Amino acid sequence: MTKYIYAFDEGKKAMKDLLGGKGANLAEMKRLGLPVPDGFTLTTQACIEYLNHGSKLSEEVMESLHEQLEAFSKRTKKSFSSEEALLLVSVRSGAKISMPGMMDTILNLGLNDNNVKILAEKTNDERFAYDCYRRLLQMFGEVVYDIPMALFDTYFNQYKSRYHYQNDADIPAEGLREICEYYKNVYLEEAYKPFPQEPIVQLTEAIEAVFKSWDNDRARVYRQLNEIPYGIGTAVNIQEMVFGNSGNQSGTGVAFTRNPVTGEAKLFGEYLLNAQGEDVVAGIRTPKNIETLKVQMPHVHQQFLKVAQQLEMHYKDMQDIEFTIENEQLYILQTRNGKRTANAAIHIAVDLVEEGIISKKEAVMNVEVKSIDQLLHPNFDDNALEAATIISKMGLPASPGAASGQIVFSAETAKLKAEQGAHVILMRPETSPEDIEGMIASKAIVTTHGGMTSHAAVVARGMGKCCVTGCSDIEINIIDKKVTYPNGTLNEGDIISVDGAKGDIYLDEVKTTKAERSKDFETFMQWSEEVARLDVRMNAETPQDIQAGYQFGAKGIGLVRTEHMFFGAERLIEMRRFILSYTQENRINALNKIKQYQKEDFETILKLSGERPTIIRLLDPPLHEFLPKSTEEKHSVARQLNVSFSELEHYIASLNEVNPMLGHRGCRLAITYPELYIMQAEAIVESALKLKQQGIDCQPEIMIPLVSSVSEFTTLKAQIIDKIERLEIEMDESAHYLLGTMIETPRACLIAEDLAKECDFFSFGTNDLTQLTFGFSRDDAGKFINAYSEQGILDIDPFQTLDLEGVGQLIQRTTEQAKSVNPTIKIGVCGELGGDHRSIQYFNQLELDYVSCSPFRVPGALLSTAQSEVKGGRLRVQ
Ligand code: PEP
Ligand code: MG
């Protein structure tokens, strides 16, 4: 029989797949003897079966639930119906991968009209009992019956202002009782049914609601953003309640064992006295720094420090711990590896190695590739900041980055405006999970309430998005769409700048500077390099990009796209002269001019690369891309080339192609105009020989694009080699160079064995290879790919992540065949997938030699190569 429910003491941390992260860690903490309230976990399997089978808990699960409850009652010596020892529980979701704020929580479950009185009597605190009941009514109403939380909140706030209560805690027992009565009526009006009084009904409905919430919109969006598969489901944890809201000797909080923003090795946390869990995370009241607990409850603080240290040592990573204090008694409600900024991630990983807690390989696994990408975020220019007008300086630096954009006040507007191409800043008093899509669409998020662990802060950090929370010196009015700051007001659409690293907000756009990387970053990247096997090269052609790529640790250049070098006005006209020449003689004359430009460029590139390999690809795009489009431009080109306008138009029309991507491009250009590639190869080798004379032994690799037959390659190879040999004789110097091809067509894959005998290297151009394998236009696939993913036809965009079944199979087959006939052949990837972490895992397993990507993706790719090496696994390559 399948086991659907595990008591906490039956689980352990390795059981995350089944018990979810929260359940597995609660079980583990119990095993460690920490003060964890007792409970049990319904498995992720129960969730998936529930969702797949008509959304009803099966008889088997219900039977097991009754058994577990009985055993639980025995262990806790409490029950839902006991006047002596009343059992109340929390119900919380917990997937294998933490999804903060995405799923729902219900506290105080088990209370009803009768039990609230028992609780009041037992605790001798009627106010507390009704406070628990009104919270249950709110949470249950929202999570289980979809009643908008605003209906409860609005009444609650109106009630407070009617009687001039400043804080929630000022409302007396009879007030809370009245509020509960009102809430119960809300059920009748909104859900057309009463709040269920039977605790077992409450429990069953709550479990079902959590399972259902796995499939709600915001969970779906979060999963998509974080590449979390649907099929893993969520577990549900049922846990005995402990009360942080039972007076001023009680409280609740969240703490990180190290600072999640800077990575500093010091406990970092917040708590609220006389409050329940959600109060801290929701950011409605501004919490106190955990340091203050040292003064308010020294022994609890001391005990918590010990627990925090123990958990960090045990999990070998920074922990994010939720705790509750009930009458000065500490309880731990959750631990997990804490979300952190990219800087903090690196800092913590380096510190943990230096403290001897983890190895370099473990450190490499502790940092997400996404974090590395975030480190390449911009900052504001110091001088521009000094001149800028500050409008808020009380905010908290919740998530670093610098962003400017138009103010918007709702997630919907954020999404809408972003879709129209605007940069937007989402401003809200606080955010909630409903805002997730708006947060994704925004460049930055600003809130007036909430601390460093508020929803906005946690989610933005996870996304690597600039965020400032708790700006108490401004007022955000989402109804009138206005922001009031000390010296004025702002309206929707006004531009502001947000400094996520300092927590400041400025008027208008402020200039940004490139990101600076710390010494820890260099150390960490060095370790990644030590661990990795697969090399990372860059796709670049400008000196700035090449320098950046080498600073980021690239081992060479995997792709110089020579066409990018023709776009300056002076070069473009020569290219146009070449394309628009009727005779070979005229073409050669035009090419002689172009060759000078190419030589200058190649010399610069090869010099920057030194002895590192540099793949230069010969011209690839369809020629009409270089031709003038507007009438005005055409007139100017006709004048420059000394031809009539109509002649020019006629010629341009003759070059027009129905399917340019399948047309006269790639090596086909040199089959028709051999002088083109000969000139480029000559320019490469002349530059290399010139540098050789200066003592720089550079390693150019000449690459022919879009090959689909062996004879296509051998024809061009013969012409290129002939030219180079003559050049070597002329210059009395031998050149080091390799000659290879891109693998971009399915046919090239199929003939890999024969092609490999002729090539020094292969480089998979996965952009074209994906396009031609699927028959999806790489320029237009955006129009339908979303529909494919929404309907579950494709679970990835194959232009962003390798399609293992099809394109992956071609790559594997090609690699195996090529190596079987030419064991020294070098094989790499230079399409977009060369920078994608999931694809890199596969390329590493295939034992390719390198991946190549744009310079700013190099550090992330480097970490991906290191992580895939630690994960291990090889696909058989002969
Ligand atoms: C490719 O096709 O993957 C490639 C790198 O070439 P381009 O994107 O320039 O066509
Ligand atoms: Mg290509």
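- As annotated in an unreviewed UniProt entry, the protein carries the name Pyruvate, phosphate dikinase and is attributed to Staphylococcus nepalensis.
- According to its UniProt record, the protein has this under Cofactor (unreviewed entry): "Mg(2+)".
- The protein has a UniProt comment under Sequence similarities (unreviewed entry) that states "Belongs to the PEP-utilizing enzyme family."

1. Brief notes about the overall build of the protein
Working step 1: Per the secondary structure count, the protein includes 35 helices and 31 strands.
Working step 2: By the compact-globule yardstick of 29 Å for 878 residues, the protein fits well, its C-alpha radius of gyration being 32 Å.
Working step 3: C-alpha atoms of the protein, sized along the principal axes, occupy 105 × 65 × 50 Å.
Working step 4: Summarising the internal contacts of the protein: among those between residues at least 6 apart in sequence, 70% fall at separations of at least 24.

2. Quick word on the sheet that holds strand S19 (residues 482-485)
Working step 1: As summarised here, the arrangement of the 3 strands in space is S18-S19-S20, forming an open sheet in which the pairing is antiparallel. Sheet topology places strand S18 (475-477) and strand S20 (488-491) at the edges, where each strand pairs with a single neighbour. Direction aside, neighbouring strands of the sheet carry axes that sit 20 degrees apart on average.
Working step 2: Across 4 bridges, S19 lies against S20 in antiparallel orientation. Bridge pairing in S20 links Tyr485 to Gly488.

3. Describing a negative patch on the surface
Working step 1: The grouping of Glu59, Glu60, Glu63, Glu67 and Glu70 at the surface amounts to a negative patch.
Working step 2: Mapped onto the elements of the fold, Glu70 is located in helix H3 (residues 59-76).

4. As for the packing of aromatic side chains
Working step 1: This structure, assessed with the given rule, holds 24 aromatic pairs.
Working step 2: With a centroid separation of 6.1 Å and 70 degrees between ring planes, the pair formed by Tyr133 and Phe195 is classed as edge-to-face. Here Tyr133 is found in helix H5 (residues 126-145), whereas its partner Phe195 is found in the loop between helix H7 (173-191) and helix H8 (199-213), with 62 residues between them in sequence.
Working step 3: Ring geometry for Phe776 versus Phe784: centroids 5.1 Å apart, planes at 75 degrees, classification edge-to-face.
Working step 4: The class for Phe776 is buried, based on a relative accessible area of 10%.
Working step 5: By relative accessible area, which is 27% here, Phe784 ends up partly exposed.
Working step 6: Put simply, the rings of Tyr133, Phe140, Tyr145, Phe152, Tyr183, Tyr187 and Phe195 pair up and form one aromatic cluster.
Working step 7: The ring of Tyr6 is capped by Lys3, whose NZ or CZ atom sits 4.8 Å from the centre of that ring.

5. Let's talk about the coordination of the magnesium ion (ligand 2)
Working step 1: Distances from the magnesium ion (ligand 2) to its protein donors, Glu744 (OE) and Asp768 (OD), fall within 2.0 Å. Here Glu744 is found in the loop between strand S28 (738-743) and helix H29 (746-750), whereas its partner Asp768 is found in helix H31 (residues 766-774), with 24 residues between them in sequence. Asp768 matches Glu744 in its accessibility class, with the two residues each being buried.

6. A closer look at the packing of helix H22 (residues 569-579) against helix H23 (residues 584-609)
Working step 1: It is the contact of H22 with H23, at a shortest axis distance of 8 Å, that shows an interaxial angle of 145 degrees. As for how H22 packs across H23, the hand of that crossing is left-handed. Residues Glu570, Arg571, Glu574, Met575, Arg577 and Phe578 of H22 form the contact with H23, whose participating residues are Arg587, Ala590, Leu591, Lys593, Ile594, Tyr597, Glu600 and Asp601.
Working step 2: Here the residues of the contact of H22 with H23 sort into 6 nonpolar, no polar and 8 charged.

7. Remarks on the site of ligand 1
Working step 1: Neighbouring ligand 1 are 14 residues; Arg561, Arg617, Gly765, Asn767 and Arg778 lie closest to it.
Working step 2: The contact in question runs from an oxygen atom of ligand 1 to an N or O atom on the side chain of Arg561, over 2.8 Å.
Working step 3: At a separation of 3.3 Å, an oxygen atom of ligand 1 approaches a polar backbone atom of Gly765.
Working step 4: Burial of ligand 1 by the surrounding chains reaches 95%, relative to a free accessible area of 290 Å².
Working step 5: Breaking the shell around ligand 1 down by element, the ones donating at least two residues are strand S25 (557-561) and H31.
Working step 6: The greatest single-element share of the shell around ligand 1, amounting to 3 residues, is contributed by H31.

8. Re the environment of Glu603
Working step 1: Examined against the element boundaries, Glu603 turns out to sit in helix H23.
Working step 2: Expressed as a C-alpha distance, the spacing of Glu603 and Leu689, which sit 86 residues apart in the sequence, is 9.7 Å.
Working step 3: For Glu603, the residues in contact, after removing those within four places along its chain, are Ser687, Lys690 and Leu691.

9. Quick look at the sheet that holds strand S9 (residues 319-326)
Working step 1: The sheet built from 5 strands is open, its strands ordered S8-S7-S6-S9-S10 with antiparallel pairing. The sheet is open, and its two edges are formed by strand S8 (288-289) and strand S10 (329-337), each paired on a single side.
Working step 2: Bridge analysis of strand S6 (residues 251-256) against strand S7 (residues 268-273) gives 6 bridges, and the strand direction is antiparallel. Each bridged residue has a counterpart across the sheet, and for Gly253 the counterpart in S7 is Tyr271.
Working step 3: Contacts from helix H12 (residues 298-315) reach S6, S9 and S10 within the one sheet, and its direction differs from that of S10 by about 25 degrees.

10. Focus: the environment of Leu794
Working step 1: Of note, Leu794 is situated in the loop between helix H32 (782-790) and helix H33 (804-821).
Working step 2: Here the alpha-carbon distance between Leu794 and Gln845, two residues 51 residues apart in the chain, equals 23 Å.
Working step 3: Not counting residues within four places of it along the chain, the set of residues in contact with Leu794 comprises Phe774, Phe776, Ile785, Tyr788 and Ser789.

11. Thoughts on the pairing of strand S14 (residues 402-408)
Working step 1: Most of S14 sits out of view: 6 of its 7 residues are buried.
Working step 2: Where S14 meets strand S15 (residues 424-428), 3 bridges bridge the pair, whose relative direction is parallel. If you follow Val408 over to S15, its bridge partner there is Leu426.
Working step 3: Following the chain from S14 across helix H17 (residues 411-419) to the adjacent parallel S15, one finds a crossover that is right-handed.

12. With respect to the UniProt feature "domain: Pyruvate phosphate dikinase AMP/ATP-binding" (unreviewed entry) in the protein
Working step 1: As annotated by UniProt and renumbered to match this structure, "domain: Pyruvate phosphate dikinase AMP/ATP-binding" (unreviewed entry) occupies residues 57-298 and 304-347.
Working step 2: Along residues 304-347 the backbone is 41% helical and 39% strand, and the end-to-end C-alpha distance reaches 23 Å.

13. Here we look at the side chain of Asn259
Working step 1: If you trace the backbone, Asn259 turns up in the loop between S6 and S7.
Working step 2: Excluding residues within four positions of it along the chain, Asn259 makes contact with Glu264, Lys266, Phe268, Ala344 and Ile348.

Rules and cut-offs
- Note that residues are indexed from 1 along each chain, following the sequence as it is written.
- Think of it this way: whatever chain is written first is A, whatever ligand is written first is 1, and the rest follow in order.
- In view of the model being predicted, local features appear only for residues whose pLDDT reaches at least 70, and side-chain atom pairs are presented and counted only at 80 or more, with totals across whole chains, interfaces and linings using the full set of residues.
- Excluded from the side-chain calculation are hydrogens and water; included are all heavy atoms of the structure.
- UniProt positions are given in the numbering used here, feature names are shortened, and annotations may be inferred rather than shown by experiment.
- Under the scheme used here, helices are H or I runs from DSSP no shorter than 4 residues and strands are E runs no shorter than 2 residues, and both carry numbers assigned from the N terminus.
- Taken over C-alpha atoms, the radius of gyration is set against a globule rule of 2.2 Å times the number of residues to the power 0.38.
- Any pair of residues with heavy atoms lying within 4.5 Å of one another is described as a contacting pair.
- In this scheme, strands are said to pair when DSSP sees at least two bridges between them.
- Axes here refer to lines fitted to C-alpha atoms; in helices the fit is confined to the stretch in contact. Angles between the N-to-C directions go from 0 to 180 degrees.
- Patch members must show over 30% relative accessible area and no salt bridge, and they are joined within 9 Å when carrying like charges or within 5 Å when they are nonpolar side chains of Val, Leu, Ile, Met, Phe, Trp or Tyr.
- For the accessible areas, the method is Shrake-Rupley and the probe is 1.4 Å, while residue cover comes only from the protein chains on display.
- In what follows, salt bridge is the name for a side-chain nitrogen of Lys or Arg lying within 4 Å of a carboxyl oxygen of Asp or Glu.
- In this count, Lys and Arg are taken as positive residues and Asp and Glu as negative ones, while His and the chain termini are left out.
- Throughout, a charge is located at the NZ atom of Lys, the CZ atom of Arg, the CG atom of Asp or the CD atom of Glu.
- What counts as a ring pair is set by centres within 6.5 Å for rings of Phe, Tyr and Trp (its six-membered ring), and what kind of pair is set by the plane angle: stacked under 30 degrees, edge-to-face over 60, tilted for all other angles.
- The buried label applies to any residue whose accessible area, calculated with a 1.4 Å probe on protein chains only, is under 20% of its type's maximum; exposed applies above 50%, and partly exposed to all values in between.
- For a lysine, the NZ atom is tested; for an arginine, the CZ atom; a charge sits over a ring if that atom is within 6 Å of the ring centre and within 35 degrees of the ring normal.
- Note that water is not among the atoms used; donors are N, O and S atoms within 2.8 Å of the metal (3.2 Å for Na, K and Ca), so sites may look incomplete.
- The hand of a helix crossing depends on one turn: near helix anticlockwise from the far one by less than a right angle means left-handed, and clockwise means right-handed.
- Three categories are distinguished: nonpolar for Ala, Val, Leu, Ile, Met, Phe, Trp, Tyr, Cys and Pro, charged for Asp, Glu, Lys and Arg, and polar for the others, with Gly belonging to the last.
- Proximity is defined per residue: any heavy atom of the residue falling within 4 Å of a molecule or strand makes that residue near it.
- Pairs of N or O atoms are called polar contacts if they sit within 3.5 Å, as long as, within protein, a hydrogen donor faces a hydrogen acceptor (for residues adjacent in sequence, only side-chain-to-side-chain pairs).
- By the criterion used throughout, a crossover qualifies as right-handed when its path from the first strand across the helix to the second strand runs clockwise, the strands pointing away from the viewer.

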